Amino acid sequence: MCGRTACTLPPGKLRRACRYKNKDNKVTEPRWKGGRVGRYYSSPNVAPMSWTPVLLSAKHAQNDPDVEGQDLNSSDRMLQVMRWGLIPSWYKKDLKSFNLSTNNCRSDGMLDKRMFSTPLNRGRRCVVLADGYYEWKTTKDRQKLPHLIFFKDDAESSDAEEENDEDDQAASVRPRRRILTMAGVFEIWHPPKTEEGPSEPIYAYSIITVDASPAVSGIHHRMPAILDGDEAVSRWLDYENVPLSEAVNLIKPLDSLEHFPVSSCVNNSRNKSLECMVKIEIKPPSERKGTLFNYFTKTNKAKKEPSSDDSAENNVKRELDSGDTGSDKKKIKTESE
């Protein structure tokens, strides 16, 4: 399963991290849909109902005014901020009453359940982006130990990290790896009309999950469906040239991941401190004092930076002000697997 992620790259670095070769074999950066970053606020602790960046085919924007007259190809890509937690198109009530758990979509049922099969058959496939995702390992004494899981170090690591960015407060603690690319399905939900008239449609997604690979099965028995490499990302997004019957072959467990334990401060989704991502060492049994916090010692300290409106530490205030942290107002039900 996947119930918490980290996505700390600023918008500019995120574009650079998502470079790809287009149909003319030229390296290009995906544009933001409508030219707007929208509700994306980088954060080391992202919970369902948050707004996060995803990749999707640029063909989905063919009716947007800013691309009118352009020849869009389904193999081209764009970035868009979407709500984590798919809302079925057939849901007609107020969003506050929506209580289905849709942050994950099990691969073994995605073609049978209408809320997922309908958008998949319409080509609404996306790639959810993150530095990594968190999972909790249950120990023999029933303690829950959080781990940050991300791509293994390899030669394909993004060069976006090499460029200095004063607004990137998380650079000192983020694993220097390729951005994690997870297969997703999205839907476009139209809220009920009000006295003020129709509201803007909401784009929302679910992360597809599969059985865990040996790389992470010691932590949890489920994992996100990882798309490893540009070819896999391209085939998942290109819904016009790669039919769903072929694309589903990409949805499988992969071993190209590694992980390390992190502080239990990540347990609280309101905690946006960079400490959430810092690697720790687990103390041996003889040194444990009986509380979860005493199980750990930090191997690094997050670099203290001056406050910035774009820093990950300040994002919690901005999210609260924007009203997009509904996940903290009520208990989130996660996928039970």
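Residues numbered from 1 in each chain as written. Predicted model: local features only at pLDDT ≥ 70, side-chain atom pairs only at ≥ 80, totals over all residues. Heavy atoms only, no water.

## Comments concerning the overall build of the chain
Scanning the chain from N- to C-terminus turns up 5 helices and 17 strands. Relative to its full complement of 337 residues, the chain shows a buried share of 53%. Approximately 16,400 Å² of the chain is accessible, and the part contributed by carbon and sulfur atoms is 45%. (Helix = DSSP H or I, 4+ residues; strand = E, 2+ residues; numbered from the N terminus. Buried < 20%, exposed > 50% of the residue type's maximum accessible area, 1.4 Å probe, protein only. Areas by Shrake-Rupley, 256 points an atom, 1.4 Å probe, with all protein chains shown as cover.)

## Some points on the sheet that holds strand β15 (residues 257–261)
With respect to topology, 5 strands assemble into an open sheet ordered β5-β1-β10-β11-β15, the strand pairing being antiparallel. In this open sheet, the two edge strands, each paired with only one partner strand, are β5 (43–46) and β15. Taken over all neighbouring pairs, the strand axes of this sheet differ in orientation by 30° on average, direction set aside. Summarising the sheet, strand β1 (residues 5–7) and strand β10 (residues 132–138) pair through 2 bridges and their orientation is antiparallel. (Pairing = 2+ DSSP bridges. Axes fitted to C-alpha atoms, helices over the stretch in contact; angles between N-to-C directions.)

## Section: the side chain of K59
Along the chain, K59 falls in the loop between β6 (51–57) and β7 (77–84). One buried charged residue, K59, forms no salt bridge at all, with the nearest opposite charge on E240 at 4.1 Å. Residues within four places of K59 in sequence aside, it is in contact with L72, N73, S74, Y239 and E240. (Lys, Arg positive; Asp, Glu negative; His and termini not counted. Salt bridge = Lys/Arg side-chain N within 4 Å of Asp/Glu carboxyl O. Contact = heavy atoms within 4.5 Å.)

## Re the pairing of strand β9 (residues 125–130)
Here β9 lies mainly inside the structure; 6 of its 6 residues are buried. Here β9 shows no split at all, with R125, V127 and L129 on one side and C126, V128 and A130 on the other all buried. Here β6 pairs with β9 via 3 bridges, running antiparallel. Its bridge partner lying in β9, L56 is registered against C126. Two elements, β9 and strand β12 (residues 180–189), share 6 bridges in a ladder whose sense is antiparallel. In the sheet register, L129 faces β12, and the bridge partner there is T181.

## A short note on the pairing of strand β13 (residues 202–211)
For β13, the buried fraction is high: 9 of the 10 residues fall into the buried class. Both β7 and β13 contribute to a ladder of 2 bridges, which runs parallel. Bridge assignment links R83 to a residue of β13, and that residue is A204. Note: strand β8 (residues 104–106) against β13, 3 bridges, orientation parallel. Bridging from a neighbouring strand, C105 pairs with I208 of β13. By the bridge criterion, 6 bridges tie β12 to β13 in an arrangement that is antiparallel. The partner of I188 across the bridge, within β13, is Y203. Note: β13 against strand β14 (residues 222–224), 3 bridges, orientation antiparallel. Looking at the pairing, D211 lines up with R222 of β14.

## Structural notes on the confidence of the model for the chain
Chain-level statistics for the chain give a pLDDT mean of 81 and a share of 74% at 70 or above. Helix α5 (residues 315–322) is the least confidently modelled element of the chain, averaging 43 in pLDDT, while β9 averages 98, the highest of any element. Below pLDDT 50 for its whole length, residues 155–162 participates in 16 contacts with residues either more than four positions away or in separate chains. (pLDDT = per-residue confidence, 0-100.)

## Points about the pattern of salt bridges
It is possible for side chains of opposite charge to pair when their charged atoms get near one another. In the structure shown here, the tally under the stated rule is 8 salt bridges. Of the charged contacts in the structure, one is a salt bridge between E29 and R15, with a shortest N-O distance of 3.8 Å. Of this pair, E29 sits in the loop between β3 (27–28) and β4 (31–32) while R15 sits in helix α1 (residues 11–17); the two residues are 14 residues apart in sequence, bridging distant segments of the chain. By relative accessible area, which is 27% here, R15 ends up partly exposed. Its salt-bridge partner being R106, residue D108 comes within 3.1 Å of it at the nearest N-O pair. According to the relative accessible area criterion, R106 is partly exposed, its value standing at 29%. A cluster of three or more residues bridged by salt bridges with shared partners is formed by R15, R19 and E29.

## Here's the deal with unusual backbone geometry
Residues apart from glycine generally show negative phi values, whereas peptide bonds are mostly found in trans. Positioned with a positive phi, N25 is a non-glycine residue whose angle comes to about 65°. Checked against the element boundaries, N25 lands in the loop between β2 (20–21) and β3. In this structure, M49 takes a positive phi of about 80° despite not being glycine. In this structure, M49 sits in the loop between β5 and β6.

## Thoughts on helix α2 (residues 114–121)
Among the residues making up α2, those that are buried are M115, F116, S117, P119 and L120. Residues of α2 that are buried make contact with β8, β9, β12, β13, α3 (230–237) and α4 (244–247). Backbone geometry just after α2 places G123 at a positive phi near 80°.

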